[in-house]
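Listed here are the chains, written in short residue letters.
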Amino acid sequence: MAVELSELVHLANHWLAPECFQDGCPNGLQVEGKQQVQSIVSGVTASLALIEAAGDADLLLVHHGYFWKNESPRLYGMKKRRIAALLGKEMSLLAYHLPLDAHAEYGNNIQLAHRLDLVPEGALCKGDDPPIGYIGRLAMPMRADEFAALLTERLHRQALHIGDHDSMIHRIGWCTGAAQFGIEDAVAQGMDAYLTGEVSEQTVHIAREEGIAFFAAGHHATERYGVIALGEALAQQFNIHHRFIDIDNPV
């Protein structure tokens, strides 16, 4: 089976509503390839390694695409090699950043919640509509060291934990990727813990001085699951093939 590229992109845009977000990159179709799509490869970032590993796929679906705000628009070096590889294969690039973080069914944050048994109860940042990060609770409260072990087991990456290993976690805030700044929203809403992908120097001091458990489980590791869910949904909708390729990234 095959689907028209325009039809697939139209449905993905309908589901994710990129027009509702002010983002640092264009969301949706970034590079146009074959007009007929029979196979999708998904991955976190449209690196050259992912493009090469995608083989003869018709469409590459990612969370981190190209053309970021304030970067040079010139096509040379690494960017030229990536674009040339896509065009050489006639492979389309479909990328969703904030819309994929936020989606209530396919989004990175809700998909991470499913994998960690987190129960969303509201927006991490009050006023966000739709919410990108969440506050909520653990389905089963546990000690901080137990939660760190759970992260390592289910995300396949050693999690960084700042705080008392014996503290109990009932309520938690989370936001995937580079959202360490969200710890202050978690503190303001009385959370026991905050989970994200990355850490900054000041995050450690905030966690210690505010008495909140902080976990950094990896930008890449926390953002694998949205593209998997979206890729599977598109493949099922159009009866085409989808596979996820995990290009290892320790950050």
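Residues numbered from 1 in each chain as written. Predicted model: local features only at pLDDT ≥ 70, side-chain atom pairs only at ≥ 80, totals over all residues. Heavy atoms only, no water.

### Observations regarding the nonpolar core
(1) Moving on: Phe147, Leu151, Ile172, Leu195 and Phe215 are the most contacted members of the largest nonpolar core, which totals 25 residues.
(2) Moving on: Going through the elements one at a time, α5 (108-116), β8 (134-143), α6 (144-155), β10 (168-174), β11 (193-196) and β12 (213-216) are the ones with two or more residues in this core.
(3) Moving on: Broken down by element, the residue count for this core peaks at 6 residues, all from α6.
(4) Moving on: Other than its neighbours up to four places away in sequence, phenylalanine 147 contacts Leu118, Leu138, Met142, Ile169, Ile172, Leu195 and Phe215.
(5) Moving on: One finds Leu8, Ile40, Tyr106 and Phe238 within the second-largest nonpolar core, a separate group that totals 23 residues. (Core = buried A, V, L, I, M, F, W, Y, C linked by side-chain atoms within 4.5 Å. Buried < 20%, exposed > 50% of the residue type's maximum accessible area, 1.4 Å probe, protein only. Helix = DSSP H or I, 4+ residues; strand = E, 2+ residues; numbered from the N terminus. Contact = heavy atoms within 4.5 Å.)

### Quick notes on the environment of alanine 2
(1) Moving on: For alanine 2, the location among the structural elements is in the segment before β1 (3-4).
(2) Moving on: Counting along the chain gives 237 residues from alanine 2 to asparagine 239, while the straight-line C-alpha distance between them is 7.7 Å.
(3) Moving on: When neighbours within four sequence positions are excluded, alanine 2 is seen to be in contact with Gln36, Val37, Gln38 and Ile240.

### Focus on the environment of leucine 151
(1) Moving on: Take leucine 151: it is sitting in helix α6.
(2) Moving on: Along the chain, leucine 151 and isoleucine 110 lie 41 residues apart, while their C-alpha atoms are 15 Å from each other.
(3) Moving on: With sequence-adjacent residues up to four places away left out, leucine 151 is seen in contact with Leu116, His156, Arg157, Ala159, Leu195, Phe215 and Ala217.

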